[in-house]
Amino acid sequence: LLRREQYRRADDLNLSRDIARSIVIAKVNNSRVVLQRALREHPDIPGAQNIADVIDHLMETLKALETVTTLDGIRGLEGEAARNYFKVFDSLIFNQKDDFFLKERNRRPPLDNMNALLSFLYTLLVHDVTSALETVGLDTGVGFLHRDRPGRPGLALDIMEEFRPYLGDRLALSLVNLKHITGKGFSKTETGAVLMNDETRKTVITAYQNRKREEITHPFLKEKIAVGLLPYAQALLLSRHLRGDMDGYPPFLWR
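For clarity, every value in this text was computed on a predicted model and none was experimentally measured. (Residues numbered from 1 in each chain as written. Predicted model: local features only at pLDDT ≥ 70, side-chain atom pairs only at ≥ 80, totals over all residues. Heavy atoms only, no water.)

Enquirer: Would you explain the side chain of asparagine 29 in this entry?
Expert: Structurally, the position occupied by asparagine 29 is in helix H2 (residues 13–41). Asparagine 29 gets classed as buried once you look at its relative accessible area, which sits at 14%. For asparagine 29, the residues in contact, after removing those within four places along its chain, are Leu62, Leu253 and Trp254. (Helix = DSSP H or I, 4+ residues; strand = E, 2+ residues; numbered from the N terminus. Buried < 20%, exposed > 50% of the residue type's maximum accessible area, 1.4 Å probe, protein only. Contact = heavy atoms within 4.5 Å.)

Enquirer: I would appreciate a short explanation of the environment of threonine 217 in the present structure.
Expert: With respect to the helices and strands, the residue threonine 217 is situated in strand S3 (residues 215–217). Distance from threonine 217 to valine 227, taken between C-alpha atoms, is 9.1 Å for residues ten residues apart in sequence. Setting aside chain neighbours within four positions, we find threonine 217 in contact with Lys222, Glu223 and Lys224.

Enquirer: Explanation requested: the side chain of serine 239 in the structure shown.
Expert: With respect to the secondary-structure elements, serine 239 resides in helix H8 (residues 230–243). In this structure the side chain of serine 239 is engaged in a polar contact, spanning 2.7 Å, whose partner is the backbone oxygen of leucine 236. When residues no more than four places from it in sequence are discounted, the contact partners of serine 239 are Leu2 and Leu138. (Polar contact = N/O pair within 3.5 Å; in protein donor to acceptor, adjacent residues only side chain to side chain.)

Enquirer: What is the right way to look at the nonpolar core in this model?
Expert: Note that soluble globular proteins tend to have their nonpolar side chains buried in a common cluster. Leu35, Phe89, Leu92, Met114, Leu117 and Leu238 are the most contacted members of the largest nonpolar core, which has 84 residues in total. For this core, the leading source of residues is helix H5 (residues 113–136), giving 14 residues. If we ignore the near neighbours within four places in the chain, the residues touching methionine 114 are Phe89, Ile93, Phe100, Phe101, Leu102, Ala172, Leu173 and Val176. (Core = buried A, V, L, I, M, F, W, Y, C linked by side-chain atoms within 4.5 Å.)

Enquirer: What is the right way to look at the packing of aromatic side chains in this model?
Expert: Geometrically, a pair of aromatic rings is defined through the distance of the ring centres and the angle of the planes. With the rule as written, the count across this model stands at seven aromatic pairs. Centroid distance tyrosine 85 to phenylalanine 86: 5.0 Å. Interplanar angle 65°. Geometry classified as edge-to-face. When sorted by exposure, tyrosine 85 lands in the same class as phenylalanine 86, which is buried. The rings of Phe163, Tyr166, Phe252 and Trp254 are connected pair by pair, giving a single aromatic cluster. (Phe/Tyr/Trp six-rings, centres within 6.5 Å; stacked < 30°, edge-to-face > 60°.)

Enquirer: Help me understand unusual backbone geometry, please; the structure alone is not making it clear to me.
Expert: Among all residues save glycine, negative phi is the norm, and among peptide bonds the norm is trans. The residue glutamine 96 is not glycine, and still its phi comes out positive at about 55°. Assignment of secondary structure puts glutamine 96 in the loop between helix H4 (71–87) and H5. Backbone geometry at lysine 222 places phi at a positive 60°, although glycine is not the residue there. Relative to the helices and strands, lysine 222 resides in the loop between S3 and strand S4 (224–226).

Enquirer: Explain the pattern of salt bridges to me, please; I cannot follow it from the model alone.
Expert: Close approach of charged atoms allows side chains with opposite charge to pair. Applying the stated criterion across every chain yields a total of 15 salt bridges. Between arginine 9 and glutamate 5 there is a salt bridge whose closest N-O contact spans 2.7 Å. On the criterion of helical spacing, the pair formed by arginine 9 and glutamate 5 is a turn pair, its members being four residues apart in helix H1 (residues 2–11). Put simply, aspartate 18 and arginine 21 hold a salt bridge, and the shortest N to O gap is 3.7 Å. Of this pair, aspartate 18 and arginine 21 both sit in helix H2, separated by three residues, roughly a single helical turn. Each member of the salt-bridge network shares a partner with another, and the members are Lys27, Glu78, Glu161 and Arg164. (Salt bridge = Lys/Arg side-chain N within 4 Å of Asp/Glu carboxyl O.)

Enquirer: Just to check I follow, could you spell out H8 for this structure?
Expert: Side chains three or four residues apart in an α-helix point the same way, a direct result of the helix having 3.6 residues per turn. With 14 residues, H8 extends 20 Å from end C-alpha to end C-alpha; this agrees with the ideal 20 Å at 1.5 Å per step. Most of H8 is tucked away: ten of the 14 residues are buried. The secondary structure elements touched by the buried residues of H8 are H1, H2, H5, helix H6 (154–177), S3 and S4. Among the residues trailing H8, glycine 244 stands out with phi positive, at a value near 95°. (Expected span 1.5 Å × (residues − 1).)

Enquirer: Whenever I open this one, the packing of H6 against H8 confuses me. Can you help?
Expert: To describe two helices that pack against each other, one gives the angle between their axes and the distance between the axes. Where H6 contacts H8, the two axes come as close as 11 Å, and the packing angle between them is 135°. With respect to H8, the element H6 is oriented oblique. Crossing of H6 over H8 shows right-handed handedness. Along the contact surface, H6 presents Leu155, Ile159, Glu162, Phe163 and Tyr166, while H8 presents Leu230, Pro231, Gln234 and Leu238. When its residues are assigned to classes, the contact of H6 with H8 shows seven nonpolar, one polar and one charged. (Axes fitted to C-alpha atoms, helices over the stretch in contact; angles between N-to-C directions. Parallel < 35°, antiparallel > 145°, perpendicular 65-115°, else oblique. Left-handed = near helix turned anticlockwise from the far one by under 90°. Nonpolar A, V, L, I, M, F, W, Y, C, P; charged D, E, K, R; others polar.)

Shown next as structure tokens:
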């Protein structure tokens with residue numbers, strides 16, 4: 001019954017739009033918090049004004065998301081917000097600048113060390129989100145923001161958007177800025193793709209697992225839970241919404 005309702009919602013562009021709107025609002029909000037925290041912790045950071053400008057722009061994007069009427073409009077605002085966010089992401093990298101930088105987001109394959117690190121963390125994250133969705137009985141292949149494509153876990157990619165800044169980006173910055181990983185752990189192939197060696201991969205996975213054991217007060221449930229349970233909590237909230245127990249889907253909004 002849950003999956004039938006998921007399919008009905010996914011086939012209705014207006015209903016898909018409403019869920020997608022909540023997801024993208026969370027992603028933009030959480031990206032904004034990453035930048036705000038960086039400025040608060042490092043007020044003299046080079047490029048501080050540019051970061052502040054992007055923070056303001058992301059707030060304007062949040063306002064625009066409240067009134068946009070189409071799914072394509074939501075995707076357009078999400079794409080613009082992501083471009084602006086990653087435009088200043090390099091300023092958040094304080095150490096090892098010769099080895100770690102981000103001029104633009106690239107993937108499949110990643111072409112520099114930072115993109116390789118981000119892509120690996122996002123892969124870990126999408127696996128966790130996929131497991132959480134399957135646990136509550138949802139079809140991971142049928143999303144609302146990411147539409148159907150053979151072999152693509154559309155719903156997992158949807159829910160992952162809420163966690164990219166909080167779990168992926170922040171951890172990547174910590175690993176680099178605290179020098180828990182170094183440029184020696186990466187190599188470039190003849191095709192230009194950048195790969196991590198086994199030791200670095202193990203370090204990243206260990207840091208990711210440690211991060212998941214930390215506790216956070218869930219912004220909607222108002223209860224303390226392990227960070228690693230956040231995808232499961234969101235999967236439960238989405239299933240409750242689809243069943244009609246909640247009027248809307250409350251995404252993970254980092255404060």
